[in-house]
Amino acid sequence: MRVLFQGAFYFYRKIIAYTTHFVQMGDLSSALEHKHWHNWQAHLPPSWLHPFLNLMWLIIGISLRLANLTAKPPWTDEFATLVFSLGNTFSPVPLDRAIASDILLQPLQPNPAASIGDVIHNLATQDSHPPLYFVLAHLWMKLFPSDGGLVSLFAARSLPAIIGAALIPCVYILGKVAFRSSLVGHLTAAMMAVSPYGVFLSQEARHYTLAALWVTASLTCLVIATRHIQNRTPLPIWIALFWVGINALGIATHYFFTLTLCTEAIVLIFLAWLQLQTSKKFSLLFSPPWRRIYAVATGTCVAGLIWIPTLLENENRGALTEWIRGSRGGLDWLNPIFQALGTLIAMISLLPVESSQLLVVIPSGVVMLTFFIWAVPILLRGLDIQLQHPENRIMIQVFAGIVISAIALFFIFAYFFGIDLTRGARYNFVYFPAIVILLGASLAVCWHPPKELMEKNGIKSIGKWGINGKKAVMLIWLMGFFSAVTVICNLGYQKYYRPDLFVQLIQQTSPVPVLIATTHKTYVHTGEMMGVAREFKLANSPQQPLFLLAHQDRDPNTSTIALENTLKKLPRPFDLWLVNFHAPVKETVKTCAISDTQSLPSINGYEYKLYHCQ
């Protein structure tokens, strides 16, 4: 890891030094359309400059997203992506009896006979997500050979990684369109390239980068609509149709995309209120610009309503989302606030504060705290100066409105409906692009401070502690880069499940045959055991464990009975590993000796007890 840090630091330091040498933006206080770049003629033809920079951000971003792509084991949600994208289901896996690893892993085997129709049908009947991403993954994974008879993890994760990299030029366009500034676009793209949150989403075999791509496109349409509302001109029909199409694709990718649509609706209501403040004519809300926006809203609603029957018919919806529901008491009421704050911080900076070693956690925490004490005032001052600019003020308000509305919706769900969306950091894709745009707009002021606006507001320097201008921007970017490397090395946004460590523990502890038993409610629990079985297969271990998925509906004793029946049929001796087993077992295992596991390490995602059955 040290070599990776040193080599990457040297490479990107050279890039920054070269970029700084020729990239200078014109004064923000001059007319926005008359920007100039300092001394670029000596290095690149003018038509090459912006494509070159965008290519550079793209190369940095995709190299980070593809690094160590398969080093971390897949977790339960990723297993769902793998299985459903193949056109398979979890149904063939037997319950309530001991099974071998190959039987448990059968849904991960590519199925040449499966079609797109199978993917859509299986999702509609057994999962809680719309099918667009899974259909794309189905087509994508067909391009790759299997890995030891199982679907390729690289194939599954490379698709969201590539889509995540595609976000980089997309946010450049959004930043440039919103602020009519190539500098804002480039700084936004640069920060997206190294965002630890962006890398985290991109390295998961899930649909969140595709959803974030649609969020970015929809926000671009919102920005264009805002300009037309300001100018009181009708939104072009092709933009309106494009906006409806993007929104339809967003809903077909993830239902939580509707939260982004809600934030856009709130922003549009705010814009309508602002317009009524300047002109008391209520008829303005029925003028051509607003009529087109109402048409977009109607088309989007129709695109969303077609999914209602699918949602209502899905019997597994409640069980699969049970983990984000529940009551809370005492200090638990503060959890959504701290979880939301933690995700916001990790969009910019995330050092190894999740490490198991205090010698790593403490210095990392101190560095992050010092960084934010220094950086937050700079970023807020940059946004404040942008708000002073007449043409930029409305865009800062729009993006800030998106972020504030989204966080408010998360809190409403958490505190009023008992659905804590802040528990899943990945759900913050609904406003992530807006955060990066605000960051880019603020850094643009740091890179080229507008002297007139600063003098007008009595601001001598935007920097802090003697670190100003471009140095501050580069330091913030470097913090993002090292944070991205932290995620790549699984020192930040760590995987919820570590079956690799659990398999190593079993191999070191159990010299006899092994039965691994867990209680089963949904395919999530099947995925937990799939992770363990996959690690045994990849390790080519001579140890061939058996697995028991003891099904449980409402009565936990059904799992107890399944375990008891299985234990009676197995030849002894063997070791029984109860993993995430939530059912009474005292009488069932009375013929087995419980092992003292206090000296054994805890494993993320696998709460276990060990019994020696002689």
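Residues numbered from 1 in each chain as written. Predicted model: local features only at pLDDT ≥ 70, side-chain atom pairs only at ≥ 80, totals over all residues. Heavy atoms only, no water.

**Considerations on the nonpolar core**
And then number 1: In terms of nonpolar packing, the biggest core is built from 120 residues, with L64, F179, Y197, F399, F429 and Y431 touching the most fellow members.
And then number 2: Here the element with the most residues in this core is helix α10 (residues 208-231); it accounts for 14 residues.
And then number 3: The residues contacting Y197, other than those within four sequence positions of it, are T343, A346, M347, A425, R426, Y427, N428, F429, F432 and Y493.
And then number 4: Counting residues in each nonpolar core, the second largest holds 44 residues, with A80, L104, L549 and Y606 among its members. (Core = buried A, V, L, I, M, F, W, Y, C linked by side-chain atoms within 4.5 Å. Buried < 20%, exposed > 50% of the residue type's maximum accessible area, 1.4 Å probe, protein only. Helix = DSSP H or I, 4+ residues; strand = E, 2+ residues; numbered from the N terminus. Contact = heavy atoms within 4.5 Å.)

**Here's the deal with unusual backbone geometry**
And then number 1: Between R572 and P573 the backbone carries a cis peptide bond, its omega angle lying at 5°.
And then number 2: As for its position among the elements, P573 is in the loop between α24 (557-569) and β4 (574-579).
And then number 3: Phi at R180 is positive, roughly 50°, even though this residue is not glycine.
And then number 4: Locating R180 in the fold gives a position in the loop between α7 (153-179) and α8 (182-194).
And then number 5: Among the residues examined, R180 registers a relative accessible area of 40% and is labelled partly exposed.
And then number 6: Look at N580: it is not a glycine, yet its phi comes out positive at around 50°.
And then number 7: Here N580 lies in the loop between β4 and β5 (593-594).

**Describing the packing of aromatic side chains**
And then number 1: Scanning the entire structure with this criterion turns up 31 aromatic pairs.
And then number 2: Pairing Y208 with Y427 gives two aromatic rings, centres 6.3 Å apart and planes at 65°, and the pair type is edge-to-face. Of this pair, Y208 sits in helix α10 while Y427 sits in the loop between α18 (390-416) and α19 (432-447), and the two are 219 residues apart along the sequence.
And then number 3: Judged by centre distance (5.2 Å) and plane angle (80°), the ring pair of F371 and F372 falls under edge-to-face.
And then number 4: Overall, the relative accessible area of 7% leaves F371 in the buried class.
And then number 5: What makes F372 buried here is its relative accessible area of 18%.
And then number 6: Aromatic rings pair up to connect Y497, F502, W577, Y606 and Y608 into one cluster.
And then number 7: Looking at R426, its charged tip hangs above the ring of Y427, at a distance of 5.1 Å from the centre. (Phe/Tyr/Trp six-rings, centres within 6.5 Å; stacked < 30°, edge-to-face > 60°. Lys NZ or Arg CZ within 6 Å of the ring centre and 35° of its normal.)

**Section: the sheet that holds β4**
And then number 1: The strand order across the open sheet formed by six strands is β1-β3-β2-β4-β6-β5, and the pairing between neighbours is mixed. At either end of the open sheet lies a strand with only one pairing partner, and these are β1 (98-100) and β5.
And then number 2: As defined by bridge partners, β5 adjoins strand β6 (residues 608-613) across two bridges and the pair is classed as antiparallel. The residue bridging I594 from the neighbouring strand is Y611, located in β6.
And then number 3: Against the sheet, helix α22 (residues 499-509) makes contact with β2 (514-520), β4 and β6, and its axis sits at roughly 155° relative to β4, the strand it touches most.
And then number 4: Relative to strand β3 (residues 546-551), α24 is tilted by about 150°, and along the sheet it contacts β1, β2, β3 and β4. (Pairing = 2+ DSSP bridges. Axes fitted to C-alpha atoms, helices over the stretch in contact; angles between N-to-C directions.)

**Topic: the confidence of the model for the protein**
And then number 1: Of the residues in the protein, 87% have a pLDDT of 70 or more, and the chain-wide mean is 87.
And then number 2: In the predicted structure, residues 7-12 sits below a pLDDT of 50 and forms nine contacts with residues beyond four places in sequence or in another chain.
And then number 3: Here residues 14-38 scores under 50 on pLDDT; set against residues more than four positions off or in separate chains, the count is 62 contacts. (pLDDT = per-residue confidence, 0-100.)

**What about the packing of α10 against α18?**
And then number 1: Interaxial distance between α10 and α18 falls to 11 Å at its minimum, and their mutual angle equals 135°. Judged by the inter-axis angle, α10 sits oblique to α18. α18 is crossed by α10, and the crossing has right-handed handedness. Touching L219, L222, V223, T226, R227 and Q230 of α10 are E391, I394, M395, V398, F399 and I402, all from α18.
And then number 2: The residue makeup of the contact of α10 with α18, split by class, is eight nonpolar, two polar and two charged. (Parallel < 35°, antiparallel > 145°, perpendicular 65-115°, else oblique. Left-handed = near helix turned anticlockwise from the far one by under 90°. Nonpolar A, V, L, I, M, F, W, Y, C, P; charged D, E, K, R; others polar.)

**Some thoughts on the packing of helix α11 (residues 237-253) against helix α13 (residues 288-305)**
And then number 1: As a packed pair, α11 and α13 sit with axes 9 Å apart at the nearest point and diverge in direction by 25°. As the angle between them shows, α11 and α13 are arranged roughly parallel. The way α11 lies across α13 gives a crossing that is right-handed. Where α11 approaches α13, its residues I237, A240, W243, V244, N247, A248 and I251 are matched on the opposing element by R292, V296, G299, T300, A303 and G304.
And then number 2: Residues belonging to the contact of α11 with α13 are distributed by class as follows: eight nonpolar, four polar and one charged.

**Some thoughts on the pattern of salt bridges**
And then number 1: All told, the structure shown has nine salt bridges when counted by the stated rule.
And then number 2: With its nearest N and O atoms 3.5 Å apart, the salt bridge here joins R534 to E535.
And then number 3: In this structure E535 comes out as buried when scored by relative accessible area, which is 14%. (Salt bridge = Lys/Arg side-chain N within 4 Å of Asp/Glu carboxyl O.)

**Topic: the environment of F432**
And then number 1: Tracing the backbone through its elements, the reader meets F432 in helix α19.
And then number 2: Note on F432: relative accessible area 1%, which makes it buried.
And then number 3: Separated by 216 residues in the primary sequence, F432 and T216 have C-alpha atoms spaced 8.9 Å apart.
And then number 4: Ignoring any residue separated from it by four or fewer positions in sequence, one finds F432 in contact with M192, S195, Y197, G198 and M347.

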